[in-house]
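Okay, here's what each chain looks like letter by letter:
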Amino acid sequence: MEDALVEVDTVTKRFDDKGPPALDAISAQIAAGRITGLVGPDGAGKTTLIRLITGLLVPSEGTISALGFDTKTQAQSIHAAVGYMPQRFGLYEDLSVQENLTLYAKLRGLPPAERASVFERLLRFTDLARFTDRLAGRLSGGMKQKLGLACALIQTPKLLLLDEPSVGVDPISRRELWQMVKELTGEGIGVVWSTAYLDEAERCDAVILLNEGKLLFQGPPEDMTSRIAGRVDRVVDIAGRRRQVLTKALAVDGVIDGVIQGRAVRVVYRKDETAAARDRVDEMVKANEPKASVVPAEPRFEDAFIDALGGGPGGRSELAEKTTDISGKANGEAVIVANGLTKRFGDFTAAQGVTFTIPRGEIFGLLGPNGAGKSTSFKMLCGLLTPTSGDGTVAGFDLRRAAAEARNRLGYMAQKFSLYGDLSVGQNLEFFAGVYGLPRKRKRERIETMIDTFDLARFLGTNAKDLPLGFKQRLALACAVMHEPEALFLDEPTSGVDPITRREFWTHINGLVERGVAVLVTTHFMDEAEYCDRIALIYRSRTIATGSPDALKARVAGPSMPDPSLEDAFIKLVEDSEMDQEAAA
Amino acid sequence: MSMPGARFGALLVKESIQIVRDPSSILIALVLPLILLFLFGYGVSLDANVVRIGLVVEQAEGPAEDLAAAFQASRYFEVEVASDIRALEDDLVAGNIRGIVVIPATFDRDFGSADGQAAFQVIADGSEPNTANFVQNYASGVWNTWLAQQTANGEGQAPVIALAPRFWFNPELASRYFLVPGSMAIVMTLIGTLLTALVVAREWERGTMEAMMATPVGILELLLGKLIPYFVLALGSMALCTVLAVTLFGVPMRGSVPALLAISMAFLLPALGQGLLISAATKNQFVASQAALLSGFLPAFLLSGFIFEIDSMPTVIQWITVIVPARYLIASLQTVFLAGDIWALFLPNIGAMLLIGLVFFVLAARSTKKRLD
């Protein structure tokens, strides 16, 4: 490519001698005037590649040239001409918006005469003009991101490197940010946008797809998705339990991947076997769900990603099979009840009047941007925070009066890896079984079950912090379900993990739900929300809408948006709620 | 082309705004010195003013009675008298008294005898070695004074050498006179090492260091922009301490302000260099604070001569103190406050501090590159 801004030539990066390299013989180009998506799960090597391009890291092998300069020897020249926004924005939180801009303007040597006009343009562009005196630390996630972008754009760069700009940003800000970046490409700037969200990949002009340090694909995203054209179907109009349909579909020969998508089930067929596999799925559906039908679906980037990795995991959950079935026990009884839960910290209301009930065998999702109040509501129901007003029960126990009993009936998986990193896998299992007070014999049984189902035997002596990411995830789930809880609380359970691990995780959750466990999950992954039976949209500490994913989508569907995504629905509902608020005010 | 001057100025302004807005730097630079000065100025004293002891006079006659009276008259002792040691043993065990002086029944006879080997016994409570020392020293003081009086009165024999102690520089032997300058050294260590290590580590943690590195700013500008404001802050804190020490605690200032300034500035080089090295090596606020406490604060406290005299430390430990920059600062500060401008002492100390500082800076510069690996 002649107009390549960045040329990465068989670059390998090792941080230590043992273990696989962080990047393994990567060759890639980044073009001017386009958004290049650097896509992959956590640990894929996205940040490492961006730092290599800026010259902040040097390759162990291979060379990179950025803007015609060698990153190893001419890093200073690169720094003068690139805009870089690291993952944590690179803003000084004690400085105001204006002070941050001025600092970067001086550091980048913007002549004083030009400052006023540049600031004005950037503040207008980012819509931050009203907040120039506010400290950067007091801005919302989306506003911080915009300010970070503005600081990176002070001296219009030739190359703009954005490391996970959409993390911690609500869908509306995310869309605005994307729009802003899109505008920049019109001026000929080359943009690198790194992300773990596969749906963002589809919108990029070009994609560099990384997984575990290896390059899986490079090129326009359509080229990737077209590889699986005609191999994706949806099973729609399922009257009964769609999770069972998914499990059965995944058991069909020739089906390499399947996920729940609202009321439907999405299936992907193996190459060269599509026709036969489709017939088998059709047969299976007819036998189980006479009213349902199999219809072709638009392929997505994620489907192609799974295909490139050789297919997803199967649909059987050994964990669920070894879990006591409580689905028959008083069916329909509410396991988790939230009734007007409100939490105030000083004058700040973190959650207001959160109300919902989750019956046995249902997944309920709290969906919303960071800081909206999801985690606060969640923590009140786990008994970790005492509500200012309102009440809640878990498995019949009142959170205010019997929090300890309630906690014994629930399993909790925290957002961050919250096991003891310095304890081995075996010691962690042992510890959690002890914490839940399992009797000796039962403890042995359950630990054995966990080791078998999650394939942990070979890691028993390994310290938890040294586990591969996917196994950390498995261990965290194992510890959370050790005592067969009736209610399972999952706080952003799969953010950043690769799609295979995520599918495996949801297979277990789906299996447990079929056995009667009630699940409350928080997420900002829109496609993860599709797994839920019902979701509550939380925005600025209030619940703005509750319903099944399909119902929420249907609420906003109209002539302008015939087939809205959940993200479209979210944005529309937030806009509507803001209009209502303004009207009320 | 960009202007390095403007760039550097921007970094200084940024850092200064942060210092002013960050409560923790104000706390360490202004409030902590106050607390330390008050603590060492008023709270902690290494002088034992009055010690309670027991006095056993087995035969209250003649010289023995006279000596007993001298003990009772001493302003350092509050005396409980008994004729049998058994009456006082329980008090000693209970800690009501800190020692027992026994004037035996044989004292009179021996005192008058030709060989002059009159003896009395001092028992001190060894569970508090500091106080035990005082008991012993004060007791021998009383004895010497009494002996001198006896000689003057023509009774008993003249001692071979008459000891007349006179303390220079700190005639009252008030411990706060050397504790207050010492605590200034602690404050300087905290600002120079702990605060610097924390703020640089914070930039790594928050990702701002990474963002800075991807701008045209040079690594030297980045580090100097960080150090100069803290250099000024530490000197300001030093000035505050000096004013308080002189006005509030009456510590004499016998040396000159330029000498004090030269000593302080020389010390800040190793202190800041150490902070920088720690933050460059750890890049994490928690580890940085631990490392700064262990390698900066504790040696400054324990191995600098602040509390424990270096000369009375085991030889190996004395060698270690050679690389503790605070020892040179404390010696110089005590001199500048209590003795005056003695450049023959200052110059080697300043030289040692600059040398240690240079080593730290070379190490820090080698471990801080404009790179992340």
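Residues numbered from 1 in each chain as written. Chains lettered and ligands numbered in written order. Predicted model: local features only at pLDDT ≥ 70, side-chain atom pairs only at ≥ 80, totals over all residues. Heavy atoms only, no water.

Colleague: So what's going on with the domain arrangement of chain A? Which residues, and what values?
Modeller: A common way to state how big an interface is: give the accessible area lost once the parts meet. Residue and element names in this part refer to chain A. Its domain assignment divides chain A into domain 1 (4-224) and domain 2 (228-315). For domain 1 and domain 2, the distance between their C-alpha centroids amounts to 37 Å. Contacts between the two partners involve 11 residues from domain 1 and, on the opposite side, eight residues from domain 2. Counting the contacts that link domain 1 with domain 2 gives zero salt bridges. The interface formed by domain 1 and domain 2 contains one residue pair in polar contact (both at pLDDT 80 or more). Of all the secondary structure elements, the ones that give two or more residues to the side of domain 1 that touches domain 2 are helix H7 (198-201), strand E9 (206-211) and helix H8 (221-226). A total of three residues in the side of domain 1 that touches domain 2 trace back to one element, the largest contributor, which is E9. Residues belonging to the side of domain 1 that touches domain 2 are distributed by class as follows: nine nonpolar, one polar and one charged. (Domains from an automatic or database assignment. Contact = heavy atoms within 4.5 Å. Salt bridge = Lys/Arg side-chain N within 4 Å of Asp/Glu carboxyl O. Polar contact = N/O pair within 3.5 Å; in protein donor to acceptor, adjacent residues only side chain to side chain. Helix = DSSP H or I, 4+ residues; strand = E, 2+ residues; numbered from the N terminus. Nonpolar A, V, L, I, M, F, W, Y, C, P; charged D, E, K, R; others polar.)

Colleague: Can you lay out helix H6 (residues 171-186) of chain A for me, pointing to particular residues and giving the numbers?
Modeller: All names here are of chain A. Look at H6: 23 Å from first C-alpha to last across 16 residues, which is about the 22 Å you get at 1.5 Å a residue. Here H6 has its buried residues at Pro171, Ile172, Ser173, Arg174, Leu177, Trp178, Met180, Val181, Leu184 and Thr185. Positive backbone phi, approximately 95°, marks Gly188, located one or two places after H6. (Expected span 1.5 Å × (residues − 1). Buried < 20%, exposed > 50% of the residue type's maximum accessible area, 1.4 Å probe, protein only.)

Colleague: How would you sum up the pairing of strand E4 (residues 61-66) of chain A? Please name residues and give values.
Modeller: Residue and element names in this part refer to chain A. Sheet analysis places strand E1 (residues 4-13) next to E4, joined by five bridges and oriented antiparallel. By the bridge assignment, Val6 is partnered in E4 with Ala66. Linking two consecutive strands that pair antiparallel, namely E4 and strand E5 (residues 69-70), is a turn of two residues; a positive phi of about 55° is found at Leu67 within it. (Pairing = 2+ DSSP bridges.)

Colleague: Let's hear about the interface of chain B and chain A: which residues, and what values?
Modeller: Counting from both sides, the interface comprises 29 residues of chain B and, opposite them, 30 residues of chain A. Interface area for chain B against chain A, summed over the two sides, is near 2,800 Å², with a carbon-plus-sulfur share of 59%. On inspection of chain B and its partner chain A, the count reaches two salt bridges. Ionic pairing is found between Glu210(B) and Arg51(A), a salt bridge with its closest N-O pair at 2.7 Å. (Buried area = accessible area lost by both parts, 1.4 Å probe.)

Colleague: Explain the side chain of Thr196(B) to me, and be specific about the residues and the numbers.
Modeller: All names here are of chain B. Position of Thr196 among the secondary structure elements: in helix H7 (residues 175-206). Within the local environment of Thr196, its side chain forms a polar contact with the backbone oxygen of Ile191, the two atoms lying 3.3 Å apart. At a separation of 2.5 Å, a polar atom in the side chain of Thr196 contacts the main-chain carbonyl oxygen of Gly192. Non-local contacts of Thr196, meaning those with residues more than four positions away in its chain, are made with Ile191, Leu227, Tyr230, Leu272, Gly275 and Leu276.

Colleague: Break down the sheet that holds E1(A) for me, with residues and values.
Modeller: All names here are of chain A. Strand order in the open sheet made by the four strands is E2-E1-E4-E5, with antiparallel pairing throughout. Looking at the sheet topology across the chains shown, the edges are occupied by strand E2 (23-31) and E5. With six bridges connecting them, E1 and E2 associate as antiparallel partners. In the sheet register, Val6 faces E2, and the bridge partner there is Ile30. Along the sheet, helix H1 (residues 46-54) makes contact with E1, E2 and E4, crossing E1 at roughly 120°. (Axes fitted to C-alpha atoms, helices over the stretch in contact; angles between N-to-C directions.)

Colleague: So what about the pattern of salt bridges? Which residues, and what values?
Modeller: All names here are of chain A. A full pass over the atoms with the stated rule returns 56 salt bridges over all chains. Of the charged contacts in the structure, one is a salt bridge between Arg243 and Asp533, with a shortest N-O distance of 2.6 Å. With Arg243 in helix H9 (residues 242-251) and Asp533 in the loop between helix H19 (526-529) and strand E23 (534-539), the pair connects residues that are 290 residues apart, well separated along the chain. Of the two residues, Arg243 and Asp533, both sit in the buried class. Linking Asp398 and Arg401 is a salt bridge whose minimum nitrogen-to-oxygen distance equals 2.7 Å. Residue Asp398 is classed as buried on the basis of its relative accessible area of 18%. One network of salt bridges, with partners in common, ties together Arg174, Arg175, Asp199, Glu200, Glu567 and Asp568.

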